[in-house]
2 protein chains.
Amino acid sequence: MTTPADAYAESLIGQPGSRWNLPTPALIVDLDAFEANLAKMAARAKDAGVALRPHAKTHKSAFIARRQIEAGAVGICCAKLGEAEALAEAGIEDILVTSPIASAPVAERAAALAKRGARLAVSVDDPVGVAVLAAAAAAAGVSMTVQVDFDVGTRRTGVADVDHALALAAAIAGAPQLSLRGVQGYGGQWQHAVGADKRMEAARDGMARLSAVVQALRGHGHDCATVTGGGTGTNAADRALGVLNELQPGSYIFMDNQYVDALAADEDGAFQSSLFVQAQVISANTARWVTVDAGLKAFATDASPPRPATGPFAKDGYFFFGDEHGGLMRPEGAAVALGQRVELTAPHCDPTVDRYDRLHFVRGDVLEAIAPIEAARRSQ
Amino acid sequence: MTTPADAYAESLIGQPGSRWNLPTPALIVDLDAFEANLAKMAARAKDAGVALRPHAKTHKSAFIARRQIEAGAVGICCAKLGEAEALAEAGIEDILVTSPIASAPVAERAAALAKRGARLAVSVDDPVGVAVLAAAAAAAGVSMTVQVDFDVGTRRTGVADVDHALALAAAIAGAPQLSLRGVQGYGGQWQHAVGADKRMEAARDGMARLSAVVQALRGHGHDCATVTGGGTGTNAADRALGVLNELQPGSYIFMDNQYVDALAADEDGAFQSSLFVQAQVISANTARWVTVDAGLKAFATDASPPRPATGPFAKDGYFFFGDEHGGLMRPEGAAVALGQRVELTAPHCDPTVDRYDRLHFVRGDVLEAIAPIEAARRSQ
């Protein structure tokens, strides 16, 4: 739906200075930084000879998924089936769901999506998952592609050892409607380690375990064509270690504060922050700070606070001031009036983006495009 | 829009046991607890002889706003004009916007909403706000009702002293299209103080300041009919002090963990937790915990973690496990399998609700109704 604020924003597209007239709070993507990130990761994957399948849980937007595919990605990842439904509906054609399917209703929705022609692969980490998918695929009369999720050390999802991986692969091979895509190993807990050496060390151990399971699966006659995983934090390690032949980074396009901090000292060049929340001053009656219109509802709050990135404000000058508002410390020597704009970098990009319905793409001072975030909150 | 998961949920309405078959994560309202809260606050306001205008920034839903008005509320509050637009569109007729209007585009949208027949009042705390509203109302050819937002100690919004309040009231009186509704004083920082005596003490000081400004406005010939403010935390104090003639509590309908903790020792009876996020186990391969499908994207994260409220799980047994998942400690002596459901109380209700698109109303084990959250994310 188009709200009055959305309609106003749309009327600004292409106009000089339009970036700074948007209704706020607004989610902003700086196109120059975004495109540089897009090209850099695509080139890295190409040089390494591995497939790039970026994780759409970060952006949840068909507009960005298309840009990633145009830049060379083989498709995208989604965390949940609901995201996959939303992005398939918006025209994205090759989707891997990375969280395990574990219940009949979700398996039935997955079969229905495959039946509608989507190129879909899903994950399992339990015999129950194989059983519900086999039943749903049989009932729908459709073939489905399934991968084994293997736990490389996060203890969150995935089978815990080689024996369980072999049992799942055998169950998949024994189900007429299912075919085995390969294996996934994602080290979530390594991604934000500070220092490339720390991330390399953790990834080396996890990838050795993943390599062992791949060899065991192939030794038992399973094709196991795709070995998928990796993230923005371990991207250099993932390519260097050579176990994965498909990479799933997500946050590289936006580079939130968490990743900027974690990757700051990396030798091979950081990606750039491209995601901002724009706010404006709506009250200015106190001496030390002003009040802006973006608070706890405008940002993910599980990481460090948002950081002012424009205007005369200090990087640590923002504080949360309730659900709807933020405080912004007045800068020394600069007057701040009602309507003053500020863009703040996102503490943690995925749950920040999930709080919005639209992305505003800007280049310099101009609003170039607005795109819906089709899969926001499609977490079922 | 109706997603495949939504359609599945809708098919369950009225069925025995349907509460526990919902697609997850799902936002749940327990009707028995909700209705008890609704009735208790309505009775308190009636007994005190004050108007009740609940704050819809908590629920953002026309379904709940209607229930509040049917129970005796005179109308609702909204934090932002975008919320007011959404709820007016959904048929809610008497709305007060509590954050100050500070820019011409927002003033123009407010005038357009008033022009469409909505019974709307807005707030200002700066001469700029009066000027843009006067201009917008004149351009639209509509009369608008405006209140002065007065800072009772939060230092977030509001004029800082009596002189500035008088100047604003004079500016409103001097604008042919504007009429003065009264004054607002909201003590945001007092609401979560632990102990009724602490909240009374803070409110006493703030309400004394508010009373002084009301007397000054009336002394200068301003009608100042409505004195509005208050919240769930200070509700007892707000009624006892007798300065406010209109109360704006929001969270009492849901009672998140913050408020439950703050009000636990109150003598006059707590409200009950009625808001939950339902999740289910989607991975169970580790010895000490299982993994559920609700993580950082499913909850506000600015307060204490979600607390399991159903099943065999410990109250402190949940931990965030990334964007999409949570860990749930395995209970001693009880097996937990894939598909096991758990409902968790919300850490902080307003920003949790804002992350969803639908409320699922349950009574006992039955899903009774589903309602859209029309004003979610309408923060512009």
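Up top is the structure.
The rules behind each value
- Per chain, the residues get numbers from 1 upward, laid out in the order the sequence is written.
- The order in which chains are written sets their letters, starting at A; the order in which ligands are written sets their numbers, starting at 1.
- For a predicted model such as this one, the threshold for reporting local features is a pLDDT of at least 70, and the threshold for listing and counting side-chain atom pairs is 80 or more; totals across whole chains, interfaces and linings nevertheless cover every residue.
- With hydrogens and water set aside, each side-chain value is computed from the structure's full complement of heavy atoms.
- The pocket and cavity definitions rest on a 1 Å grid over protein atoms only: a 1.4 Å probe that fits but cannot leave marks a cavity, an open set with protein on both sides within 12 Å along at least five of seven lines marks a pocket, and residues lining either have an atom within 4 Å of a point.
- Grid points are joined across faces, edges and corners, and a volume is the space filled by probe spheres set on the points.
- Labels follow the DSSP assignment, with helices taken as runs of H or I lasting at least four residues and strands as runs of E lasting at least two, numbered in each case from the N terminus.
- Each residue is assigned to one class: nonpolar for Ala, Val, Leu, Ile, Met, Phe, Trp, Tyr, Cys and Pro, charged for Asp, Glu, Lys and Arg, and polar for all the others, Gly among them.
- Buried means the residue's accessible area, taken with a 1.4 Å probe over protein chains only, is under 20% of the maximum for its type, while exposed means over 50%, and partly exposed covers the values in between.
- Pairs of N or O atoms within 3.5 Å make up the polar contacts considered here, provided that, within protein, one atom can donate a hydrogen while the other can accept it, and that residues adjacent in sequence are counted only when both atoms are side-chain atoms.
- In this analysis, two residues are considered to be in contact whenever any of their non-hydrogen atoms come within 4.5 Å of each other.
- For the purposes of this section, nonpolar cores are sets of buried Ala, Val, Leu, Ile, Met, Phe, Trp, Tyr and Cys residues that join through side-chain atoms within 4.5 Å.
- A helix's residues, less one, multiplied by 1.5 Å, set its expected span.
- Picture the helix axis, draw a direction to every C-beta atom, and the arc is the one those directions span.
- What gets called buried area is simply the loss in accessible area from a 1.4 Å probe that two parts show on being joined, summed for both.
- Basic side-chain nitrogens of Lys or Arg form a salt bridge, by our definition, when they fall within 4 Å of a carboxyl oxygen of Asp or Glu.
- Any pair of cysteine sulfurs within 2.5 Å is marked as a disulfide.
- At least two DSSP bridges between two strands are required for those strands to pair.
- Fitting a line to C-alpha atoms yields each axis, with helices limited to the stretch in contact; the angle taken between N-to-C directions then spans 0 to 180 degrees.
- For this classification, under 35 degrees means roughly parallel, over 145 means roughly antiparallel, 65 to 115 means roughly perpendicular, and everything else is oblique.
- Each crossing is labelled by how the near helix is turned from the far one, with a counterclockwise turn of less than a right angle marking it left-handed and a clockwise turn marking it right-handed.
- Copies are brought into register by a least-squares superposition over C-alpha atoms of residues with pLDDT of at least 70 in both.

**Student:** Explanation requested: the layout of surface pockets in the structure shown.
**Tutor:** Where empty space is left becomes clear once a probe the size of a water molecule has been rolled over the atoms. In this model, the largest pocket occupies a volume close to 1400 Å³. In terms of lining residues, the largest pocket is bounded by 50 residues, among which Met1, Asp357 and Arg377 of chain A together with Asp357 and Arg377 of chain B are the most central. Contributing elements (two or more residues each) for the lining of the largest pocket: α1 (4–11), α4 (81–89) and β16 (358–363) of chain A together with α1 (4–11), β1 (26–30), α4 (81–89) and β16 (358–363) of chain B. Per-element accounting of the lining of the largest pocket gives the leading share, 4 residues, to α1 of chain A. Looking at the lining of the largest pocket residue by residue, the class counts come to 26 nonpolar, 7 polar and 17 charged.

**Student:** Even after reading the chapter, I still don't get the side chain of Thr98 of chain A, so can you show me in this structure?
**Tutor:** Residues and elements named next belong to chain A. Here Thr98 shows up in strand β4 (residues 94–100). For Thr98, a relative accessible area of 9% corresponds to the buried category. There is a polar contact of 3.0 Å between the side chain of Thr98 and the side chain of His55. Those residues in contact with Thr98 that sit more than four places away from it in its chain are His55, Cys77, Cys78, Ala79, Ser123, Asp149, Gln184 and Gln248.

**Student:** Even after reading the chapter, I still don't get the nonpolar core, so can you show me in this structure?
**Tutor:** Most often, soluble globular proteins have nonpolar side chains that are buried together. All names here are of chain B. Residues Leu120, Leu133, Met144, Val183 and Leu210 are the most contacted members of the largest nonpolar core, which totals 106 residues. The element that contributes the greatest number of residues to this core is helix α8 (residues 196–219), accounting for 7 residues. Every residue in contact with Met144, bar those within four places of it in the chain, is listed here: Ala110, Ala111, Ala114, Leu120, Leu133, Ala137, Gln177, Leu178 and Ser179.

**Student:** I'm lost on helix α7 (residues 162–173) of chain A in this one. Help?
**Tutor:** Helical geometry: 3.6 residues make up each α-helical turn, so side chains three or four residues apart lie on a common side. Residues and elements named next belong to chain A. The terminal C-alpha atoms of α7 lie 16 Å apart, and with 12 residues this matches the ideal 16 Å at 1.5 Å per residue to within 8%. Of the positions making up α7, those classed as buried are Ala165, Leu166, Leu168, Ala169 and Ile172. Across the axial projection of α7, the buried residues extend over an arc of 165°, all falling on one side. N-capping of α7 is provided by Asp161, with a side-chain oxygen placed 3.3 Å from the backbone N of Asp163.

**Student:** Help me understand the interface of chain B and chain A, please; the structure alone is not making it clear to me.
**Tutor:** The accessible area lost on association of the parts is a frequent measure of interface size. The partner chain A presents 59 residues to the 59 residues of chain B that form the contact. In total, about 5100 Å² of surface goes out of reach between chain B and chain A, with carbon and sulfur atoms giving 53% of it. By the criterion of area lost to chain A, the three top residues of chain B are Arg156, Lys297 and Arg355 of chain B, representing 13% of everything that side buries. Our enumeration of links across chain B and chain A arrives at 4 salt bridges. Here Asp323 of chain A and Lys57 of chain B are joined by a salt bridge, their closest N and O atoms 2.7 Å apart. Those elements giving two or more residues to the side of chain B that touches chain A turn out to be α1, α4, β4 (94–100), α5 (104–115), β10 (275–283), β11 (289–292) and α11 (349–353) of chain B.

**Student:** Whenever I open this one, the state of the cysteines confuses me. Can you help?
**Tutor:** Defined simply, a disulfide is a covalent bond joining two cysteines at their sulfur atoms. By the definition in use, this model includes 0 disulfides over all chains. Cys78 of chain A takes part in no disulfide bond, and the closest cysteine sulfur, belonging to Cys77 of chain A, lies 7.8 Å away.

**Student:** Sorry, what's going on with the sheet that holds strand β8 (residues 226–229) of chain B here?
**Tutor:** What holds strands together in a sheet is hydrogen bonding between their backbones, with the strands either parallel or antiparallel. All names here are of chain B. If you trace the 8 strands from one edge of the open sheet to the other, you get β2-β9-β8-β7-β6-β5-β4-β3, paired in parallel fashion. Two strands close off the open sheet at either side, each with one partner strand: β2 (51–52) and β3 (76–78). Where strand β5 (residues 119–124) lies against strand β6 (residues 144–149), 4 bridges are found, and the strand directions are parallel. Its bridge partner being in β6, Ser123 is matched across the sheet by Gln147.

**Student:** What's the story with the environment of Gly75 of chain B in this structure? I'm lost.
**Tutor:** Residue and element names in this part refer to chain B. Relative to the helices and strands, Gly75 is located in the loop between α3 (62–70) and β3. Taking relative accessible area as the criterion, Gly75 reaches 0% and is therefore assigned buried. When the C-alpha atoms of Gly75 and Leu120 are compared, they prove to be 9.9 Å apart, with 45 residues separating the residues in sequence. Beyond its immediate sequence surroundings of up to four residues, Gly75 is in contact with Leu52, Arg53, Pro54, Ile69 and Asp94.

**Student:** I tried to follow the packing of α4 of chain B against α5 of chain B on my own but got confused; where do I start?
**Tutor:** When two helices pack together, you describe them by how their axes are tilted relative to each other and by the distance separating the axes. Residue and element names in this part refer to chain B. Running from N to C, α4 and α5 point in directions that differ by 20°, and their axes come no closer than 10 Å. Relative to α5, α4 is oriented roughly parallel. In the packing of α4 onto α5, the handedness of the crossing is left-handed. Residues Leu81, Gly82, Ala84, Glu85 and Ala88 of α4 lie in contact with α5, whose contacting residues are Val106, Arg109, Ala110 and Leu113. Of the residues assigned to the contact of α4 with α5, the class counts are 6 nonpolar, 1 polar and 2 charged.

**Student:** How do you make sense of the relation of the copies chain B and chain A when you look at a structure like this?
**Tutor:** Copy one and copy two of the chain differ by a rotation about an axis and a translation along that axis. The two copies are related by a screw operation: chain B maps onto chain A through 180° of rotation and 0.0 Å of translation along the axis, at an RMSD of 0.0 Å. In short, the pair behaves as if placed about a two-fold rotation axis. Of the interface residues in chain B, 100% have counterparts in chain A that sit at the interface too, so the contact is made through matching surfaces.

**Student:** Help me out: how do you make sense of the sheet that holds strand β7 (residues 178–185) of chain A in this one?
**Tutor:** Residue and element names in this part refer to chain A. Taken in spatial order, the 8 strands of this open sheet run β2-β9-β8-β7-β6-β5-β4-β3, and their pairing is parallel. Looking at which strands have only one partner, the edges of the open sheet turn out to be β2 (51–52) and β3 (76–78). Where β3 and β4 come together, 3 bridges link them in parallel fashion. Residue Cys78 lies in a different strand from β4, and its bridge partner there is Val97. Each of β3, β4 and β5 (119–124) is contacted by α4, which is oriented at about 165° to β4, the strand it contacts most.

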